[in-house]
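# Fold and contact review
Below, each chain spelled out in residue letters.
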Amino acid sequence: MDIQGSALSEHPGRLDTDDDSDSQSTTLPRIRKRDKIFAFNPFRSKPKAKPSKVPTPEKATAHRLSTVRTQGSVEIEHAVTSTAVSSPASNVHLMTIPTGSRVNIFSQNQNAPAVCVSLPIFGTRIETTLQLALCIGLLPKDSDTVNKNDEPPKDTFTNDAALLAWVKAAEQDPTEQERIRSLGARMVDEFAKDTSKDSIEIAEMVVLGPVLDKETYRRLLQSTIAAFDQSVLLKVDLLQGLVQLVQSAPAGSLVSDDLVKILSVLRIRLQGTHQQSLEHSFHLTLAVSRLLDVMAEHEVKDVDRVIEHEPLYGVLSGLKGSSDPYLMYQACYAFQALQYVPDNETPLQAVFRHSMGVVDGLVKTSTILKLDLGSVLEGLANLQQAFESAVETAGNVYEGVCSLIESGQGVLVSLKEGYGNGQRRPWYTAIRAANAFVQAGQLKDLNSLIYETSCRRDPLFQWGICQLLGEMVSDAIWDTTIRQKTVSLLGDLCQNDPEWGQDNSVKMWIHNIIGHLSTVDDEAVSTVAQNLLKDLHQDQVTTSEIPYPLRNRLPLPTKSPTLIRVLTIPDVESDLHRLKLQRLEAHRKDVYIPPLAKPGLKANDDDLFPLMEKVQDFLASKRQVMLVLGDSGSGKSTFNRHLENRLWIDYKRGGAIPLFINLPGIRAPEDDMIGKQLKSHSFSDEQILELKLHRQLIVICDGYDESQQQANLHHTNQLNRPGQWSTKMVISCRTQFLGPTYADRFKPQSEDRYTSGPQDLFQEAIIAPFSKEQIRNYVEQYCTHDPQTALLFHNPSLWSADEYMDKLTAIPNVMDLVKNPFLLTLALKALPGLAASNKDLTRVRITRAGLYDKFIDQWLETNRLRLQNNTLRNNEQEAFNALEDDDFIGCGIDYLRRLSAAIFEKQDGNPVVQYIHRQDKNSWKAAFFGTEPEVKLLRAASPLIRTGNQHRFVHRSVLEYFLSRVIFNPTRTNDEYDPQVEMASPATLVLDAANPLFQRNLLEEPSIIQFLCDRVNLHPDFRQQLRSCIDQSKIDASATVAATNAISILVRAGVPLHGADLRGVKIPRADLSGGQFDFAQLQGADLRGVNLAGSWLRQVDMSGAQMEGVRFGELPYIQLINSVIACNYSPDGKMLAICLSTNRIWKLGQNRSIMG
């Protein structure tokens, strides 16, 4: 960017001619010290040495030049590309006009034109689109996207303290940078949604385009292409805006495919328009010309000859018969530009197709135009000489080719006869050079080019120069003085230049332009044109109205309607950026092994795939819900957090938004869970509505089972319905929580019950247990990354991975146990203590409950030591001493047992407890999260996590572990891992209604049953107490729930019940699958809904038992001798008709024939 300060305060807009007596100049306002000049994409011309006869060729590049002079101000971009010219290969004599017959209207080069824009105070409201463009242009650029040639010199800001302060403030405030860039991106999104797109809104986008980042610019370009392509009527302003966006594209933002696509759209529109409307044809041809200029500068190749090149040749050739000279000149220009956009035909193929044609390459145009007048003039002379040689060499191959310079033909004849033969003409390159001079403000060099170029007699060159000068005068961005002098230059060419006056068509074109300029709004300019027009009328020259606008760009926006609308739309991107930073910072660097999964519960265990890859495939598909299943502790939540972290890292403005929702932490997630989660992140109602209507979210729902859900959240939240949230949902759940028809809780449900679409919108994955290789990888990460290990073991010198693996493999069956990541973590934490207290690890018997026992003891002991070493307040120290005297670890376990019991009793097992002291100080929650010193110490020492005002156990399984200890609480002993020692437990299972065994159906909590099964095998007293519960149900109906739980635990623990006296027991819905009941007495028992699948039931007596809904795991069958010919059920489903050699009707449920 180009910022020019106090050096411009001396006559910034004044241009002197050789005639010092020129008194018609209008004095411009003096620029004050606080005024600034800013360029979005600058080109700072520096004095150049006189070129040698053979300058070194350089690669052609594009320079986007334009300016807006500022009061705290901007240079708004006019996109013009530099013209490629060839270097002279030999001494070439230039055509010059004798000094006496030429006038140096412009005696010095100037800065590019500028428009005043007030720079807003940093951090305040941006009022206009011009201000926004200025601010975005001043922001720091990403190092990987900045073209170093576009960077301002280091001393650019030194003369303007206010501007320097603004830039430095921006560099130190990433949040404000994000807000400003977000405004630009939101304007692009708003423009894309707007179906009308009036001229001011289009002009706003043209101003913003050059300063946008690559991704946002490309969104703007694509939406503009689509809007033009889809418009039924030709919108000239939209067409010109599209071309200007291409011309002013930020460095690296355009690709060849963009240009080819736009060219195709314009060609198709031109083909369907040119015979219907001359005006539309003119605008389309003008757009094609400027697009081809850009394509030439970008060296676009491989344009398909058959699909694009030849049809465009044909369209342009068809315009040569037009009676409209303006259209014919523009078609000629476009045709010349097309010569510099090679098609996909190689030079050799072109030779065969044209027979004796001239191979592309006779005339080289590969050097960069550095806006050095000497190089330009010599290069153009060399092109002219090469052109004449090429025509002479080609002979008659190109029929009708002749030198326009020497022909003396008028423009109309020249256009009709001289431009369709595939030659590159020097006049085109000269016009490109003239345009580049204008955009750079090198008006003195422009003046010299007009009078000295070797092709200046070519009527097409003269026509193009007149159009260029007319556009300069019509453009209010130029100083009044410059516009006046440009009118004078036109008059001098028309009245005093003998070369310029030979062709009446050109002279008429000048008269028409001057007539048009006499009506411009600037009175000082129009007066000069009117006086000149009077002189021309004295020569009896008539003028006619120009049928097309004389402009090369859209006017700058005088209003900012798009910005105003965006400012009224809630800003979401800045808050999304804040949320992104929060979530990335909160992401814990835990030990993580990417899980493998299989496609379904019934899938083969060898059919595994990386879960993350499968989720990425899901996100790229049209499916809406992906269910991730796994056992407790299998890593579902850890995976979900890593997925969220990865999605936030990859997030880009306007993309899908990752949203992690801990379902137990949301009240009633079946209703508006997304809105509730966003509110917890401090989004306003207006922002939430904006996101709901216009954005897509990737919703990661964790802990479906922990929230005790039964509802289909996708359905109850009306996701992906019209006017509702657009989402992709990844939802996790424990496998044990689900029933046989679990998929119905997650599948998207169609509003039309006759469609089968939802089947294709759902997929699932089941996390597989760790393999031995994954266990090894986990242990290696654990040894180097786990932050708690050294603290827990009070020893910073940890074991190596090999030592851990040796111990794990030495203990019988432990490798099967630790295929679960959470259990593996507990085992690794417990191993050092086990190894220290057991010399022979082969005798150690580790159970799941035993691992948790050891983990909890270590956790509490570690935090006891931490508190002991801390400086506590007096009341806290007294409370700590009391806890020490009463066994700190025992008190901690009692605290956690009571908390788990309260969670299941008061919250039905929802693990998240929300505690706000002012609201909850008199509730049950205060006993666990209140401000009493003892409560605070126990809470601080416990395996609990706090997020804001929400508290929960470090893992769901820890909550379930402590509830199992509420049901049965074994005494702590150092011999618990010795299989030879049976635990003598006190009668801690009290047979009363307060025990959860009597209150809850534990079949819905399989993890708790598993903990209790471990206790059964290690504590004989507990086994006997469970038997007592079963017996109590014979005489006490209130013990029914306890008896059902007790017998299910015993059977799951593998306790045999052969010959047991179970007469009259009440155990409805008990899970006795796989139980051992040979010769058992079950007379009169309540067995309704009991699962006996796979049980041993030899000689079992079930007479008088209630058997409704008993499941044996096998369906009853009918044994027949003859083959079945046909069968059918009765309408009520109670009877079955079977067609054999004789018909029979069977009454179902009684398995007997009632007929036949």
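This text goes with the structure placed above it.
This write-up is about the structure you can find in this document.

What counts and how
Residues numbered from 1 in each chain as written. Predicted model: local features only at pLDDT ≥ 70, side-chain atom pairs only at ≥ 80, totals over all residues. Heavy atoms only, no water. Core = buried A, V, L, I, M, F, W, Y, C linked by side-chain atoms within 4.5 Å. Buried < 20%, exposed > 50% of the residue type's maximum accessible area, 1.4 Å probe, protein only. Contact = heavy atoms within 4.5 Å. Pairing = 2+ DSSP bridges. Helix = DSSP H or I, 4+ residues; strand = E, 2+ residues; numbered from the N terminus. Axes fitted to C-alpha atoms, helices over the stretch in contact; angles between N-to-C directions. Expected span 1.5 Å × (residues − 1). Salt bridge = Lys/Arg side-chain N within 4 Å of Asp/Glu carboxyl O. Parallel < 35°, antiparallel > 145°, perpendicular 65-115°, else oblique. Left-handed = near helix turned anticlockwise from the far one by under 90°. Nonpolar A, V, L, I, M, F, W, Y, C, P; charged D, E, K, R; others polar.

Formed by 132 residues in total, the largest nonpolar core has its most connected members in Leu292, Trp427 and Leu446. The contact partners of Trp427, leaving out residues within four places of it in the chain, are Tyr329, Cys332, Tyr333, Gln336, Cys455, Asp458, Leu460 and Phe461. Listed in part, the 109 residues of the second largest apolar core include Tyr804, Cys891, Ile893 and Phe929.

This part is about the sheet that holds strand E11 (residues 726–734). Pairing in this open sheet of seven strands is mixed, and the strands run E7-E6-E12-E8-E11-E10-E9 from one edge to the other. Edge positions in the open sheet fall to strand E7 (609–610) and strand E9 (657–662), since each of these has one partner strand only. Sheet topology note: the E9/strand E10 (residues 696–702) ladder contains six bridges and is parallel. Within E10, the residue paired with Phe660 across the bridge is Ile700. Against the sheet, helix H25 (residues 673–680) touches E9, E10 and E11, its axis set at about 95° to E9.

The end-to-end C-alpha separation of helix H24 (residues 636–650) is 21 Å, in line with the 21 Å expected for 15 residues at 1.5 Å each. All of the buried residues in H24 are Lys636, Phe639, Asn640, His642, Leu643, Glu644, Asn645, Leu647 and Trp648.

Turning our attention to the environment of Asn1128. Here Asn1128 lies in strand E16 (residues 1126–1129). On the basis of relative accessibility, which here comes to 52%, the residue Asn1128 falls in the exposed class. For the pair formed by Asn1128 and Cys1139, sequence separation is eleven residues and the distance between their alpha carbons is 8.8 Å.

Mapped onto the elements, Ala162 comes out in helix H2 (residues 161–171). Accessibility expressed as a relative area gives 45% for Ala162, which makes it partly exposed. On a C-alpha basis, the gap between Ala162 and Ile121 in space is 9.1 Å, while along the polypeptide they are 41 residues apart.

What follows deals with the environment of Leu1087. If you trace the backbone, Leu1087 turns up in the loop between helix H43 (1040–1052) and E16. For the pair Leu1087 and Val1110, spaced 23 residues apart in the sequence, the C-alpha separation amounts to 6.8 Å. If sequence neighbours within four positions are ignored, Leu1087 has contacts with Ile1067, Leu1082, Met1102, Ala1105, Gln1106, Met1107, Glu1108 and Val1110.

Tallied over the entire structure, the rule returns 44 salt bridges. The residue Arg125 makes a salt bridge to Glu127 at a minimum N-O spacing of 3.7 Å. Since its relative accessible area comes to 47%, Glu127 is described here as partly exposed. Here the residues in one salt-bridge network are Asp705, Arg734, Asp908, Arg956, Glu960, Arg1000 and Glu1005, joined through shared partners.

A few words on the packing of helix H33 (residues 848–869) against helix H35 (residues 888–907). With their axes 10 Å apart at the nearest point, H33 and H35 run at an angle of 120° to one another. Taken as axis vectors, H33 and H35 run oblique relative to one another. Regarding H33 and H35, the two cross each other, and that crossing is right-handed. Counted together, Ile856, Asp857, Leu860, Glu861, Arg864 and Leu867 of H33 and Phe888, Ile889, Gly892 and Ile893 of H35 form the full contact between these two elements. Looking at the contact of H33 with H35, its residues break down into six nonpolar, one polar and three charged.

Moving on, we get to the sheet that holds strand E13 (residues 913–914). With respect to topology, three strands assemble into an open sheet ordered E13-E15-E14, the strand pairing being antiparallel. In this open sheet, the two edge strands, each paired with only one partner strand, are E13 and strand E14 (944–947). In this sheet, strand E15 (residues 950–953) lies alongside E14 in antiparallel orientation, the contact comprising four bridges. Counterpart to Ile945 in the pairing with E15 is Arg952.

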